[in-house]
Amino acid sequence: MVNITRAADLALVGANGGGFVAPVGTVRPASPLAQPVAPWEPLGAISDDGLTYGFDEDSQEFTPWGLTSPFRTQITKSVRTFGLTVWETSRVAVQSLQYRLDAADLEPNGDGLTEYAETASPTPDRRAFWFIVVDGESYKGFYVPQGEINDRSDVTFKQDEMSGYEWTITTYPDAQGNTVYHCDKLPATPAYTGS
C-alpha cells in the first residue's frame, strides 16, 4: 500500500494579516516578523475576505504543420495583482489611496473639516506596498515596489453593512524587472524517505 505523505504545518490558512503603503522607492521591511516603520503607513482593518494574490497570464501556442498539439508555448502576458477590502475608510493613508491624493491634502482645517475634490482626469498614482499573511508561526511577506490601484468597487453606505474600499492593486516591474518580492518564515519541508 502507498503511504500518502501529508504535513499539516505545511498548509497555510490566511488567519490574519495586514497591509502597509509607502512612497515608491521605500525599502521593504526586513521580514514579515518586523514591525514596519515610517514612511510605511498601515492600511488598518481588512475585511474578513482577506487578501487575494492574483495571477493573470496569457500564452501563445505554436503547433507545427502535421501535429495536433503544440511543441512550444510562449508567455505573452504575466501580471500579478492583490485584492482586498479596507474597512478603515477614515484613515488618512486609505483616503489618500482611494482618491489619489497626497496625505497633506487631507489635513483638516481649523473647523476640523477635510475638503478635497475628485479630478475628472486622474494621473498615475504608484506606491510601494507590503502585505503579510500570518498563520500561527507561519508568515508570508509580499513586497510590491511599484503598485497602483487600478480597480475600485462601489462604496455602500448602509445600516447593516460595513463601508469599505475594495481595491485591486496591479504590480509593475522595478528597475530589476521584478513585480513582487517574497519573504517568508515557513516550516521546513521534511526530507522524503519514501515512507
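Fair warning: this is a prediction, and the values are worked out from it, not measured in the lab. (Residues numbered from 1 in each chain as written. Predicted model: local features only at pLDDT ≥ 70, side-chain atom pairs only at ≥ 80, totals over all residues. Heavy atoms only, no water.)

**With respect to the overall build of the chain**
Step number 1: Each helix and strand in the chain was counted, giving 1 helix and 8 strands.
Step number 2: When the helices and strands of the chain are placed in sequence order, the string is β-β-β-β-α-β-β-β-β.
Step number 3: For the chain, the C-alpha atoms occupy an extent of roughly 75 × 50 × 40 Å along the three principal directions.
Step number 4: For the chain, the accessible surface area stands at approximately 12800 Å², while carbon and sulfur atoms represent 50% of it. (Helix = DSSP H or I, 4+ residues; strand = E, 2+ residues; numbered from the N terminus. Areas by Shrake-Rupley, 256 points an atom, 1.4 Å probe, with all protein chains shown as cover.)

**A closer look at the pairing of strand β1 (residues 16-22)**
Step number 1: Counting buried positions along β1 yields 5 of 7 residues, so the element is predominantly enclosed.
Step number 2: Sheet topology note: the β1/strand β5 (residues 127-135) ladder contains 7 bridges and is antiparallel. Each residue of the ladder has a partner; that of alanine 22, found in β5, is alanine 128.
Step number 3: Two strands pair when backbone bridges link them, and β1 and strand β2 (residues 41-42) are joined in this way by 2 bridges, in the antiparallel orientation. Paired with valine 21 across the bridge in β2 is glutamate 41. (Buried < 20%, exposed > 50% of the residue type's maximum accessible area, 1.4 Å probe, protein only. Pairing = 2+ DSSP bridges.)

**Digging into the nonpolar core**
For soluble globular proteins, the rule of thumb is that nonpolar side chains tend to be buried together.
Step number 1: In this structure, Leu43, Phe131 and Trp167 are the most contacted members of the largest nonpolar core, which totals 18 residues.
Step number 2: Secondary-structure elements contributing two or more residues to this core are β4 (72-86), α1 (92-99), β5, β6 (138-152) and β7 (165-171).
Step number 3: Among the nonpolar cores identified, the runner-up in size contains 10 residues, and Ala22, Ala128, Trp130 and Ile132 belong to it. (Core = buried A, V, L, I, M, F, W, Y, C linked by side-chain atoms within 4.5 Å.)

**Some remarks on the side chain of serine 138**
Step number 1: Within the secondary structure, serine 138 sits in strand β6.
Step number 2: Apart from the residues lying within four places of it in its own chain, the contact partners of serine 138 are Asp9, Leu12, Val133, Lys185, Leu186 and Pro187. (Contact = heavy atoms within 4.5 Å.)

**Concerning the pattern of salt bridges**
Step number 1: Evaluation of the coordinates by the stated rule reveals 6 salt bridges.
Step number 2: We note a salt bridge from lysine 77 to aspartate 56, for which the minimum N-O separation is 2.9 Å. Pair noted here: lysine 77 is in strand β4 and aspartate 56 is in strand β3 (residues 52-62), with a separation of 21 residues, a long-range link.
Step number 3: You can call aspartate 56 partly exposed: its relative accessible area is 34%.
Step number 4: Ionic pairing is found between aspartate 160 and lysine 158, a salt bridge with its closest N-O pair at 3.7 Å.
Step number 5: Exposure remark for aspartate 160: the relative accessible area of 65% places this residue in the exposed category.
Step number 6: We classify lysine 158 as partly exposed; its relative accessible area is 46%. (Salt bridge = Lys/Arg side-chain N within 4 Å of Asp/Glu carboxyl O.)

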